[in-house]
Amino acid sequence: MTEPIRSPERPRVALFELASCAGCQLQILNCEDELLDLLQLVEFVYFKEAMTETSDSYELALIEGAVTRESDEEKLRHIREKAALVVTIGSCAYPVGVPGLKNAHDPVEVGSLVYGEDAGFFPTIEAKPVDAVIPVDLHILGCPIHKDDFMRVLTALLIGKNPPVPTHAVCVECRLKENVCAFDRGLVCLGPITRAGCGALCPSYGSRCFGCRGLCDDPNVASMEALLEEKGKTAEEIMAEYGLYNGYYSRRDGGLKAKVAR
Amino acid sequence: MIDRVVAKTDLIRSIDRLAHEQSVFAPVANGPQFSFKVISSAEEVAEGYLPTALPPSKHLLPPREALLRFAWHDELAVEPVIEATETVAFGLRPCDLHALELLDAIFVDDKDDGHYRARREAAFFVGIECLEPCDDHCFCESMGSLRADSGFDVLLTDLGDTYYVRVESTKGRDFVLAVDGAHEAVYEDRTRLRKAHEGRDAAFTPRLDVAMEHLPALLAESSDSLLWDVLGEKCLSCGACTNVCPTCYCFDVRDELNLDMKSGERVRTWDSCQLEEFAMVGTGESFRKPREMRVKHRFNRKGRYIFERYGRMGCVGCGRCARACLVDIDPVEVFNQLKGRPVER
Amino acid sequence: MVNTQTTPHGRLKQSPFLPDMAEIVRKERLNPTETLYVLRLTDGAELGHAPGQFVEVSVFGVGEAPFSISSSPTRGGEFELCIRRVGDVTTAMERLGIGAKLGVRGPLGRGFPLDVMRGNDVLIIAGGLGIVPLRSLIGTVIDERADFAEVTILYGCKSPAEMLFKDEIAAWEAREDIDFRVTTDIADPSWKGNVGPVTTLFRRLTVNPKTTVPVMVGPPVMFKHVVKQVLAVGIPEDRIILSLERRMKCGIGECGHCQINGVYVCQDGPVFTYAELKRLEEAML
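Everything quoted here is computed from the prediction, not taken from an experiment.

### Quick notes on the overall build of chain B
Thought 1: In terms of helices and strands, chain B carries 11 helices and 12 strands.
Thought 2: For 345 residues, the compact-globule estimate of 2.2 N^0.38 gives 20 Å, and chain B sits close to it at 22 Å.
Thought 3: Over its C-alpha atoms, taken along the principal directions, chain B stretches across nearly 65 × 65 × 35 Å.
Thought 4: Of all 345 residues assigned to chain B, the portion counted as buried reaches 48%.
Thought 5: Of the contacts made within chain B by residues no fewer than 6 positions apart, 71% connect residues no fewer than 24 positions apart.

Here is the structure:
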């Protein structure tokens with residue numbers, strides 16, 4: 001991870017999309033002020049939202065979206081073979097955000113709800129994070145990713161250091177913003193157990209944390225659940241609260257003792 | 001120096017003038033809480049405020065500051081970033097003044113940290129006395145920080161429609177003389193000040209069961225207390241307590257590279273001993289991994305370690321950590337339980 | 001390079017974080033993970049360190065990390081760091097070539113108490129990477145050999161492959177005026193020497209508790225056992241010398257990362273007496 005990807009001089013980057021809204025790709029395109037600098041550093045060889053040319057030769061693969069089809073798994077294994085470095089972008093790829101909501105329901109029901117009579121033409125599987133299929137070198141987190149985070153990761157990879165992934169909770173950043181705590185605004189908030197790095201974006205705009213970046217390194221889940229219960233949440237409501245972004249792992253591990261992104 | 005008395009309206013007008021001319025840093029309301037901000041007019045200043053969300057120390061030791069700038073052109077060039085803006089900090093409470101004096105003792109007197117010192121030298125402190133407790137969380141009286149005797153240029157005491165102004169520096173004298181209608185304090189003014197102080201002394205009662213000077217010994221004896229385990233189970237390790245603490249100053253240092261890959265900054269950012277990574281070494285071993293050890297470390301810094309090193313308490317009783325804690329970890333309860341009140345799980 | 005600016009008040013504004021510049025004079029790969037770096041300050045000044053002190057080394061753009069100084073100040077001019085590749089800074093250093101510029105802050109911290117050792121028997125106990133700072137002390141003891149009475153060096157490592165400074169070790173072993181013993185936890189077919197932890201070497205020594213100053217650097221588990229042994233032979237607590245590893249970030253007792261209870265390892269240490277540490281539960285002794 002700490003070897004710089006500086007050969008060739010401008011590493012080739014391919015951006016692949018699985019089940020997602022493509023919002024994270026747009027975040028990269030939104031880097032208007034930095035785009036020219038960015039293109040000095042890397043060469044994009046595949047980027048569906050931005051260009052028509054394609055290439056199957058690249059050093060860095062960026063993957064957006066969740067695995068929802070068997071063909072996705074095939075595609076990922078091919079990418080893993082080609083790329084020196086595989087980096088996911090956004091919550092769909094890790095820890096499986098919105099695409100994972102269907103996992104809580106009967107797959108046949110979900111299929112006919114979305115595709116009606118044609119459901120048979122669209123066979124889907126349980127929504128999975130990318131790292132459930134192939135080894136991933138790094139997750140750029142968030143729904144959507146933050147462009148500054150993306151740039152920081154890229155420069156770190158290029159100079160050859162571990163990208164700065166916060167290990168602590170969103171609260172740390174939220175307090176620095178001097179926000180009125182969501183709990184003091186009568187809301188519940190997943191900030192105390194969710195990995196920071198977003199600059200407490202949602203709480204800073206009057207909302208609260210939904211956990212889109214997954215768990216922080218050392219979450220005190222027991223104390224968090226006690227806090228949510230104290231705020232009047234039932235066990236089902238707490239699981240639903242986690243489920244929006246952390247459903248895949250929390251269902252697997254029977255609680256929020258979920259796998260943690262590093 | 002000669003104390004003065006000014007009409008409140010005159011002082012506010014003076015602050016307003018200053019705010020138009022230079023950087024004035026004052027408490028401003030933000031919903032139910034308050035924050036120190038650079039104001040553009042005196043209207044923004046909140047009166048009778050609770051301790052601010054973040055302490056005013058953020059002006060002297062910002063949550064993020066560049067320490068060095070580096071660039072590779074023909075060769076590597078590195079230079080320190082030492083920048084300061086002349087700033088009036090208006091409305092500092094005695095608890096915060098005590099905390100700032102501690103930071104001065106560390107960053108100026110002991111470490112001679114030029115980054116901090118430049119901002120400290122460019123700062124002018126207007127303190128304001130507390131005449132009644134701000135809420136149930138404050139315990140400044142127990143921590144010896146209800147009364148400020150130093151660490152300010154001028155100290156205001158609210159006497160109704162006037163402020164009594166204690167002047168402690170030549171800058172302070174110039175400040176007060178620039179206020180319209182400022183007059184020398186006379187016997188009647190001093191009497192009113194004494195009355196205000198008597199009222200204050202009656203309004204505050206100590207909340208700790210242990211005298212401040214016995215806290216270091218109490219903490220030293222309490223290393224094996226069951227209480228730490230109880231607190232470790234509750235603590236979310238969210239770092240709220242250390243971020244809001246006016247005496248917390250631990251930091252991280254890291255390099256940030258610009259997109260040109262040819263220049264960047266070495267930055268200092270606030271850090272917290274409550275986070276697992278804080279005491280981790282290069283090989284990945286954390287020397288304070290269990291949560292209860294981290295909680296214990298914080299209370300020991302507040303009530304013992306800093307005192308042992310600098311002769312000043314690492315806690316000023318402002319109550320910010322207790323207000324911020326989602327799971328109700330309150331230093332008053334912690335110290336009192338260590339002193340012998342029953343521990344509740 | 002600007003390193004000071006004058007304030008309107010005429011005082012110097014200084015940054016304790018501004019490093020001096022040094023260049024890599026020589027690099028030697030000692031084994032797959034450790035490399036020896038020979039550095040020289042670019043302004044030609046001596047580092048002026050004492051054995052046991054450390055420096056903060058900057059690779060700009062990557063970061064800064066603390067390393068103990070491995071060469072003896074008696075050798076002058078250049079100084080040496082022996083660095084295991086574990087993180088960003090150490091990995092970045094491996095990519096740098098001869099002549100590359102690094103930032104160096106230091107020497108920092110409190111070194112080994114040479115004044116306590118002079119005239120006494122010196123018992124040096126190194127575990128694993130502990131040999132790195134102790135090599136600085138060993139060099140000084142050899143160069144000023146007449147100042148010390150009996151000199152014994154015990155060195156334990158995980159495997160023969162992990163043994164550092166093999167040529168120098170051969171020279172120490174060959175000396176008549178030093179009792180050097182080495183052991184390894186796991187032998188390999190080529191290994192003819194002792195097998196077992198460093199405590200097994202200690203057991204075979206005759207130590208005079210009145211005149212011996214034990215100096216040990218190694219992993220926490222080694223401290224636990226060796227301290228027990230030297231206490232058992234009657235060496236007083238305030239004459240047992242240890243050097244600790246913690247996360248020294250600022251190196252000047254500000255940032256809080258290396259704190260052990262109330263003690264700053266970067267400033268009060270990294271060298272301590274056992275008497276200073278034994279009541280500190282976070283010292284993990």
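### Focus: unusual backbone geometry
Residue and element names in this part refer to chain A.
Thought 1: A cis amide bond links Tyr 94 with the next residue in sequence, Pro 95, at an omega value of 5°.
Thought 2: Within the element layout of this structure, Pro 95 appears in the loop between strand S4 (85-89) and helix H4 (107-115).
Thought 3: Put simply, Cys 143 and Pro 144 share a cis peptide bond, and its omega is -5°.
Thought 4: With respect to the secondary-structure elements, Pro 144 resides in the loop between strand S5 (138-140) and helix H5 (147-159).
Thought 5: A positive phi angle, close to 75°, is found at Val 96, a residue other than glycine.
Thought 6: Topologically, Val 96 is positioned in the loop between S4 and H4.
Thought 7: Despite not being glycine, Glu 178 has its phi angle at roughly 60°, a positive value.

### Here's the deal with the domain arrangement of chain A
Residues and elements named next belong to chain A.
Thought 1: Parsing chain A into structural domains produces domain 1 (12-159) and domain 2 (170-252).
Thought 2: Summarising the inter-unit geometry, the C-alpha centres of domain 1 and domain 2 are found 25 Å apart.
Thought 3: Each side of the interface is counted separately: domain 1 has 17 residues, and domain 2 has 13 residues.
Thought 4: Per-class residue counts for the side of domain 1 that touches domain 2 are 9 nonpolar, 6 polar and 2 charged.

### Points about the environment of Asp255(B)
Thought 1: Here Asp255(B) lies in strand S11 (residues 251-257).
Thought 2: Considering only alpha carbons, one finds Asp255(B) and Phe278(B), 23 residues apart in sequence, at a separation of 17 Å.
Thought 3: Not counting residues up to four positions away in its chain, the partners in contact with Asp255(B) are Gly264(B), Arg266(B), Phe60(C), Gly61(C), Val62(C) and Gly63(C).

### Some remarks on the interface of chain B and chain A
Thought 1: Taken together, the contact between chain B and chain A spans 31 residues of the former and 27 residues of the latter.
Thought 2: At the level of elements, strand S3 (33-39), helix H7 (226-234), helix H8 (240-244) and S11 of chain B are the ones that each hand at least two residues to the side of chain B that touches chain A.
Thought 3: A total of 3 residues in the side of chain B that touches chain A trace back to one element, the largest contributor, which is H8(B).
Thought 4: Its residues assigned to classes, the side of chain B that touches chain A shows 16 nonpolar, 8 polar and 7 charged.

### So, the nonpolar core
The nonpolar side chains of a soluble globular protein tend to be buried with one another.
Thought 1: Residues Ile124(C) and Leu242(C) are the most contacted members of the largest nonpolar core, which totals 241 residues.
Thought 2: It is helix H2 (residues 94-110) of chain B that contributes the most residues to this core, 8 residues altogether.
Thought 3: Among all residues touching Ile124(C), those that are not within four sequence positions of it are Leu134(C), Leu137(C), Ile138(C), Thr152(C), Ile153(C), Leu154(C) and Val215(C).

### Some remarks on the packing of H7(B) against helix H9 (residues 291-310) of chain B
Residue and element names in this part refer to chain B.
Thought 1: Interaxial distance between H7 and H9 falls to 8 Å at its minimum, and their mutual angle equals 110°. Considering their axes alone, H7 and H9 lie roughly perpendicular with respect to each other. The handedness of the crossing between H7 and H9 is right-handed. Counting all contacts with H7, which are made through Trp 228, Asp 229, Leu 231 and Gly 232, the residues of H9 involved are Arg 291, Glu 292, Val 295 and Lys 296.
Thought 2: Looking at the contact of H7 with H9 residue by residue, the class counts come to 3 nonpolar, 1 polar and 4 charged.

### A word on the pairing of S11(B)
All names here are of chain B.
Thought 1: Because side chains alternate across S11, one face comprises the buried residues Phe 251, Val 253, Asp 255 and Leu 257, and the other comprises Asp 252, Arg 254 and Glu 256, none of which is buried.
Thought 2: Relative to strand S12 (residues 263-270), S11 is paired through 7 bridges, and the arrangement is antiparallel. Looking across to S12, one finds that Val 253 is bridged to Arg 268.
Thought 3: Linking S11 back to S12 in an antiparallel pair, the connection comprises 5 residues, with Met 261 at a positive phi of about 60°.

### A short note on the confidence of the model for chain A
All names here are of chain A.
Thought 1: Here chain A averages 87 in pLDDT, and 92% of its residues register 70 or above.
Thought 2: Averaged over each element, pLDDT in chain A is lowest for helix H9 (residues 235-252) (80) and highest for helix H6 (residues 170-176) (97).
Thought 3: Long-range and interchain partners of residues 1-5, a stretch whose pLDDT sits below 50, account for 18 contacts in this model, where long-range means more than four residues apart.
Thought 4: A low-confidence stretch, residues 256-262 stays under pLDDT 50, and its non-local contacts, those more than four residues away or across chains, total 23 contacts.

### Considering the domain arrangement of chain B
Residues and elements named next belong to chain B.
Thought 1: Domain assignment breaks chain B into domain 1 (4-62 + 80-203) and domain 2 (212-339).
Thought 2: Once you take the C-alpha centre of each, domain 1 and domain 2 turn out to be 26 Å apart.
Thought 3: Taken residue by residue, the interface counts 22 residues in domain 1 and 19 residues in domain 2.
Thought 4: For the side of domain 1 that touches domain 2, a count of residues per class yields 15 nonpolar, 6 polar and 1 charged.

### Here we look at the interface of chain B and chain C
Thought 1: The interface is formed by 41 residues belonging to chain B together with 36 residues belonging to chain C.
Thought 2: Only strand S4 (64-72), strand S5 (76-80), helix H3 (114-121), S11, S12 and H9 of chain B provide two or more residues apiece to the side of chain B that touches chain C.
Thought 3: With 6 residues, the single largest contributor to the side of chain B that touches chain C is S11(B).
Thought 4: Considered class by class, the residues forming the side of chain B that touches chain C number 20 nonpolar, 7 polar and 14 charged.

### Section: the sheet that holds S11(B)
Within a sheet, each strand pairs with its neighbour through backbone hydrogen bonds, oriented either parallel or antiparallel.
Residues and elements named next belong to chain B.
Thought 1: One open sheet accounts for 4 strands, arranged S5-S4-S12-S11; its pairing is antiparallel. The open sheet terminates on both sides in strands that have one partner only, identified here as S5 and S11. Neighbouring strand axes in the sheet, compared pairwise and without regard to direction, differ in orientation by 20° on average.
Thought 2: Examined bridge by bridge, S4 and S5 share 5 bridges and lie antiparallel to one another. Across the sheet, the residue bridging to Ala 71 is Ala 77, located in S5.

### Side note on the pairing of strand S2 (residues 23-30) of chain B
Walk down a regular strand and you will see the side chains alternate between the two sheet faces.
Residue and element names in this part refer to chain B.
Thought 1: Inspection of the sheet shows S2 paired to strand S6 (residues 87-92) by 3 bridges, in the parallel sense. Paired with Phe 25 across the strands is Ala 89, a residue of S6.
Thought 2: With 7 bridges connecting them, S2 and S3 associate as antiparallel partners. Of the residues in S3, the one forming a bridge with Ala 26 is Lys 37.
Thought 3: In this antiparallel pair of consecutive strands, S2 and S3, the connection spans 2 residues, and Gly 31 shows a positive phi of 60°.

### Looking at the packing of H2(B) against H3(B)
All names here are of chain B.
Thought 1: Where H2 meets H3, the axes come as close as 8 Å, and the angle between the chain directions of the two elements is 120°. As the angle between them shows, H2 and H3 are arranged oblique. Like other packed secondary-structure pairs, H2 and H3 cross with a definite hand, here left-handed. Each of Asp 104, Phe 107 and Val 108 in H2 lies in contact with H3, whose residues at this interface are Tyr 116, Arg 117 and Arg 120.
Thought 2: A per-class count over the contact of H2 with H3 returns 3 nonpolar, no polar and 3 charged.

Quick notes on the rules
Residues numbered from 1 in each chain as written. Chains lettered and ligands numbered in written order. Predicted model: local features only at pLDDT ≥ 70, side-chain atom pairs only at ≥ 80, totals over all residues. Helix = DSSP H or I, 4+ residues; strand = E, 2+ residues; numbered from the N terminus. Rg over C-alpha atoms; globule rule 2.2 N^0.38 Å. Buried ≥ 20, exposed ≤ 12 C-beta atoms within 10 Å, placed from the backbone. Contact = placed C-beta atoms within 7 Å. Domains from an automatic or database assignment. Nonpolar A, V, L, I, M, F, W, Y, C, P; charged D, E, K, R; others polar. Core = buried A, V, L, I, M, F, W, Y, C linked by C-beta atoms within 7 Å. Axes fitted to C-alpha atoms, helices over the stretch in contact; angles between N-to-C directions. Parallel < 35°, antiparallel > 145°, perpendicular 65-115°, else oblique. Left-handed = near helix turned anticlockwise from the far one by under 90°. Pairing = 2+ DSSP bridges. pLDDT = per-residue confidence, 0-100.

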